[in-house]
Amino acid sequence: MQAQPQRISGRAVGAVMFIAALAVTVAWIVLRVFFTTEPVESAPEDSTAPLGAASIARPFDHVVVLSIDGLRPDAVAHALDLGRAGFTALLKGPHTLEARTDPDSTVTLPNHVGMVTGRLFRGPQGHNWLPNVLLPTIAEGGTLHAAHGSYVPSMWDVAHDHGLMTAMLASKGKFILFDNSFREEQGRPDATGADDGTRKIDLVGFALRGEGVIRKIMAFLDDAAAQGRRSLSFIHLADTDVTGHVRAWDMTPGSLYLACVDRMDALVDRLVRHIEANPALRGRTAIVMTSDHGGGAPPSSHTVPESPLNFRIPFVVWGGDGEPVDLYAISPSRTRPAPTERMTATGGSPIRNADAGNCALWLLGLPPIPTSTVGVEQDLLVGWSRPLP
Ligand SMILES: [Zn+2]
């Protein structure tokens, strides 16, 4: 007789607990479905939405990543002092003359690999690409994927997989590395939306002098705009580096190096004017300008990664007319280094040239480069309000 009420009571308790658990589960599902704001899937490898930072309110239709080889920040400052039109126009927006190269390399190709892949040279996710002079062929392992041991996606992968037109226009033959790494046979299948194919760079072109590169990019942008397509392009001007190697990175007024910087300024001016003159490009096109390294240590080269002459570089974002903004002031996750401070990979987070790729993708409203490490949060411009055209 004593046991019966206990058994009934146990059943009742069990039923109440079951109903309560069911209610909690249903409530949790309802709350999750209706009120969750976090993406359920956040693995960078399969990401289709920007991580971390909010998306840009009005994405640009075209972004040009412009690398001026061996352009020192004090040479840019000098051009501004002289009132040169190109850099004066380009620096009407977020910029810094205190950006950094890769912490372990101040030579051309490893730093450009960083710009387009969002990776540093060293580390588990490092791109590990060392050759800068004689490139191995594809059969000899001359792709980014072979050097790293697994596929290394680029900013072109993300843009192309999202249906944008892409280009790589350079003035040094060794940039064939990027065509070798992202041509039909080497590029990864497109898992995003419609299949845009495995060739990630639509237009690959070379010109010995900057004038030729600028002509090609202006034609590419006009072509993309005429087709109603959006685009991501990378262009490289080698002239300043070539002059530096021949006549040193000489900052004396009237030097050949500074005369060459003036020529680059005129090319920047020409590109900006061209964009402004085309109604289909104006207000819809952004430029991200940086450099692979400075120069002067040793005097006619840039091979010493510990030298501020080599590791200090500019990083500039141009989106049309606006107010000059200190890029560090609007990037709370970044630490401004002292002018003599290199900042190693573990010693702080300066703005680096390797930020270019993920910054460009953010400006286009696209997610970051999968498995990249530099700028993958896409918060470089988080404090910037884009001026409306
Ligand atoms: Zn060089």
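For every chain, the first residue of its written sequence is number 1, and the numbers climb from 1 along that sequence. Two thresholds apply to this predicted model, a pLDDT of at least 70 for residue-level local features and 80 or more for giving and counting side-chain atom pairs, whereas whole-chain, interface and lining totals are computed over all residues. Neither water nor hydrogens contribute to the side-chain values; these are computed over all heavy atoms in the structure.

## Observations concerning the overall build of the protein
- Helix and strand content of the protein: 12 helices and 8 strands.
- When accessible area is computed with a 1.4 Å probe and restricted to protein chains, residues below 20% of their type maximum are described as buried, those above 50% as exposed, and intermediate ones as partly exposed. The buried share of the protein, taken over its 389 residues, is 51%.
- The contact criterion used throughout is that any non-hydrogen atoms of two residues lie within 4.5 Å. Contacts in the protein between residues far apart in sequence, at least 24 positions, make up 73% of those at least 6 positions apart.
- Note on areas: these come from Shrake-Rupley sampling with a 1.4 Å probe, and a residue is covered only by the protein chains present in the view. As presented, the protein carries roughly 16900 Å² of accessible surface, and 59% of it is formed by carbon and sulfur atoms. By definition, any uninterrupted DSSP run of H or I lasting at least four residues is a helix, any uninterrupted run of E lasting at least two residues is a strand, and each is numbered from the N terminus.

## Digging into the packing of aromatic side chains
- Classification of ring pairs uses Phe, Tyr and Trp, with its six-membered ring standing for Trp, and accepts pairs whose centres are within 6.5 Å; under 30 degrees between planes counts as stacked, over 60 as edge-to-face, and the remaining range as tilted. Counted by the stated rule, this structure contains 7 aromatic pairs.
- Taken together, the ring pairs in this structure connect Tyr151, Trp156, Phe175, Phe178, Phe182 and Phe234 into an aromatic cluster.

## Comments concerning the packing of helix α9 (residues 239-247) against helix α10 (residues 256-277)
- Between the N-to-C directions of two axes lies an angle of 0 to 180 degrees, each axis being a line fitted to C-alpha atoms and, for a helix, fitted only over the stretch in contact. Across the interface, α9 lies against α10 with an axial gap of 9 Å and an inter-helix angle of 170°. By the angle between their axes, α9 is roughly antiparallel relative to α10. Where α9 approaches α10, its residues Asp239, Thr240, Thr243, Gly244 and Arg247 are matched on the opposing element by Leu256, Tyr257, Cys260, Val261, Arg263 and Met264.
- Put simply, Ala, Val, Leu, Ile, Met, Phe, Trp, Tyr, Cys and Pro go in the nonpolar bin, Asp, Glu, Lys and Arg in the charged bin, and everything else, Gly too, in the polar bin. When the residues that make up the contact of α9 with α10 are grouped by side-chain class, the tally is 5 nonpolar, 3 polar and 3 charged. Throughout, the term roughly parallel applies to angles under 35 degrees, roughly antiparallel to angles over 145, roughly perpendicular to angles from 65 to 115, and oblique to all others.

## Focus: the confidence of the model for the protein
- The share of residues in the protein with pLDDT of 70 or more is 86%, and the mean pLDDT across the chain is 88.
- The predictor attaches a confidence to each residue, and that confidence, scored 0 to 100, is pLDDT. The low-confidence segment residues 1-8, where pLDDT is below 50, has 0 contacts with residues more than four positions distant or belonging to other chains.
- Below pLDDT 50 for its whole length, residues 13-22 participates in 0 contacts with residues either more than four positions away or in separate chains.

## Thoughts on the coordination of the zinc ion
- Any nitrogen, oxygen or sulfur atom within 2.8 Å of a metal ion counts as a donor, with the limit raised to 3.2 Å for Na, K and Ca, and since water is left out, coordination shells can look unfinished. Distances from the zinc ion to its protein donors, Asp241 (OD), Asp241 (OD), His245 (NE2) and His302 (NE2), fall at 2.1 to 2.5 Å.
- One way to put it: the 4 donor atoms around the zinc ion meet at angles of 55 to 150°, and that makes the site irregular.
- When the donors of the zinc ion are listed by position in the chain, the intervening gaps give D-x3-H-x56-H. Residue histidine 245 is found in helix α9, and its partner histidine 302 is found in the loop between β6 (285-290) and α11 (308-311); the two are separated by 57 residues along the sequence.
- By relative accessible area, which is 33% here, histidine 245 ends up partly exposed. Any site counts as irregular unless it has four donors with all angles between 85 and 135 degrees, making it tetrahedral, or four or six donors with opposite ones more than 155 degrees apart and the rest between 65 and 115, making it square planar or octahedral.

## Regarding the nonpolar core
- To define a nonpolar core, start from buried Ala, Val, Leu, Ile, Met, Phe, Trp, Tyr and Cys residues and group those joined through side-chain atoms within 4.5 Å. Core analysis: the largest hydrophobic core is formed by 48 residues, its most contacted members being Phe178, Phe315 and Leu363.
- For this core, the element with the most residues is helix α12 (residues 356-363), which contributes 6 residues.
- Not counting residues within four places of it along the chain, the set of residues in contact with leucine 363 comprises Ile56, Pro59, Phe60, Val63, Ala286, Val288, Val317, Leu381 and Trp384.
- Counting 41 residues, the second largest nonpolar core, distinct from the first, contains Ile68, Leu90, Leu169 and Val213.

## Section: the side chain of histidine 160
- Along the chain, histidine 160 turns up in helix α6 (residues 155-161).
- Once you skip the residues sitting within four places of it in the chain, histidine 160 turns out to touch Thr166, Asp196, Gly197, Arg199, Lys200 and Asp202.

## Quick look at the pairing of strand β3 (residues 165-170)
- Counting buried residues along β3, 6 of its 6 residues qualify, which places the element largely inside the surrounding structure.
- Side chains Met165, Ala167 and Leu169 of β3 all project onto a buried face; the interleaved residues Thr166, Met168 and Ala170 project onto the opposite face, where all are buried too.
- Following DSSP output, two strands are said to pair if at least two bridges run between them. Judged from the 5 bridges that link them, β3 and strand β5 (residues 231-237) form a sheet pairing that is parallel. Residue pairing in the sheet places threonine 166 in a bridge with leucine 232 of β5.
- Where β3 lies against strand β4 (residues 203-206), 4 bridges are found, and the strand directions are parallel. Within the sheet, the bridge partner assigned to alanine 170 lies in β4 and is phenylalanine 206.

## Concerning the pattern of salt bridges
- Salt bridge, as applied in this entry: a Lys or Arg side-chain nitrogen positioned within 4 Å of an Asp or Glu carboxyl oxygen. In this structure the tally under the stated criterion is 22 salt bridges.
- Residue lysine 172 pairs with aspartate 241 through a salt bridge whose shortest N-O separation is 2.9 Å. Of the two residues, lysine 172 is situated in the loop between β3 and α7 (176-182) and aspartate 241 in helix α9; the sequence distance between them amounts to 69 residues. An identical accessibility class is assigned to lysine 172 and aspartate 241; each is buried.
- Residues glutamate 185 and arginine 183 are paired through a salt bridge, measuring 3.4 Å at the closest nitrogen-oxygen approach.
- In this structure, a network of salt bridges that share partners links the residues Asp179, Arg183, Glu184, Glu185 and Arg199.

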